[in-house]
Amino acid sequence: QVQLVESGGGLVQAGGSLRVSCAASGRTFSSYAMGWFRQAPGKEREFVAAISRSGITTYYADSMKGRFTISRDNAKNTAYLQMNNLKPEDTAVYYCAAGPRIVDVTTTSEKLYDYWGQGTQVTVSS
């Protein structure tokens, strides 16, 4: 069983930065890829970023490239999403997910992720 808890969301102004975290339970954190997704009001949940088990490989949705950075610290069982130059359209609930079956992090379907956190709210004001 894998349990994920997001934290670090909040209210920021456009152009600002925020770092959200995802703490995972267990001692097998390094055995699964991690991903971040988000869901804005009135929109479907969308892929944000993913990172491989080792942390060597990362992948981002086009709108996040150059602004967002995904990382992980396997010793702390924690994944992170650093968000810079935030825009109002980044306002959403951000979810982390674990994908034990994922071997290619460029495969972005949420259906490939087996475990999900409850999300953390990020609000960007203009």
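Every value quoted in this text rests on a predicted model; they were computed, and no experiment measured them.

A. Quick look at the environment of Val103. Counting through the fold element by element, Val103 comes out in the loop between strand S9 (92-99) and strand S10 (115-116). Taking the relative accessible area as the measure of exposure, Val103 reaches 74% and is therefore exposed. Placed 40 residues apart in sequence, Val103 and Ser63 show a C-alpha to C-alpha distance of 23 Å.

B. Examining the sheet that holds strand S8 (residues 78-83) more closely. Taken in spatial order, the four strands line up as S1-S3-S8-S7 in an open sheet, and their pairing is antiparallel. Each of the sheet's edge strands pairs with one partner strand only, and the pair in question is strand S1 (4-7) and strand S7 (68-73). For this sheet, the mean inter-axis angle between neighbouring strands, taken without regard to orientation, is 15°. Two elements, strand S3 (residues 18-24) and S8, share six bridges in a ladder whose sense is antiparallel. Paired with Val20 across the bridge in S8 is Leu81.

C. Structural view of the side chain of Thr78. As for its position among the elements, Thr78 is in strand S8. Residue classification places Thr78 among the buried positions, given a relative accessible area of 10%. A distance of 2.8 Å separates the side chain of Thr78 from the backbone oxygen of Lys76, its partner in a polar contact. Ignoring any residue separated from it by four or fewer positions in sequence, one finds Thr78 in contact with Ser21, Cys22, Ala23, Phe29, Arg72 and Asp73.

D. Focus on unusual backbone geometry. Positive phi values are uncommon outside glycine, yet Asn77 reaches one of about 55°. Here Asn77 is to be found in the loop between S7 and S8. Even without glycine at this site, Asn85 takes up a positive phi of about 50°. Mapping Asn85 onto the fold places it in the loop between S8 and S9. Judged by its relative accessible area of 41%, Asn85 falls in the partly exposed class.

E. Inspection of the environment of Gln118 at higher detail. For Gln118, the position within the fold is in the loop between S10 and strand S11 (120-125). Judged by its relative accessible area of 75%, Gln118 falls in the exposed class. Spatially, the C-alpha atom of Gln118 lies 22 Å from that of Ser17, the residues being 101 residues apart in sequence. When near neighbours in sequence (up to four residues on either side) are disregarded, Gln118 contacts Leu4, Glu6 and Tyr95.

The rules behind each value
- Residues numbered from 1 in each chain as written.
- Predicted model: local features only at pLDDT ≥ 70, side-chain atom pairs only at ≥ 80, totals over all residues.
- Heavy atoms only, no water.
- Helix = DSSP H or I, 4+ residues; strand = E, 2+ residues; numbered from the N terminus.
- Buried < 20%, exposed > 50% of the residue type's maximum accessible area, 1.4 Å probe, protein only.
- Pairing = 2+ DSSP bridges.
- Axes fitted to C-alpha atoms, helices over the stretch in contact; angles between N-to-C directions.
- Polar contact = N/O pair within 3.5 Å; in protein donor to acceptor, adjacent residues only side chain to side chain.
- Contact = heavy atoms within 4.5 Å.

Structural measurements only, silent on function.
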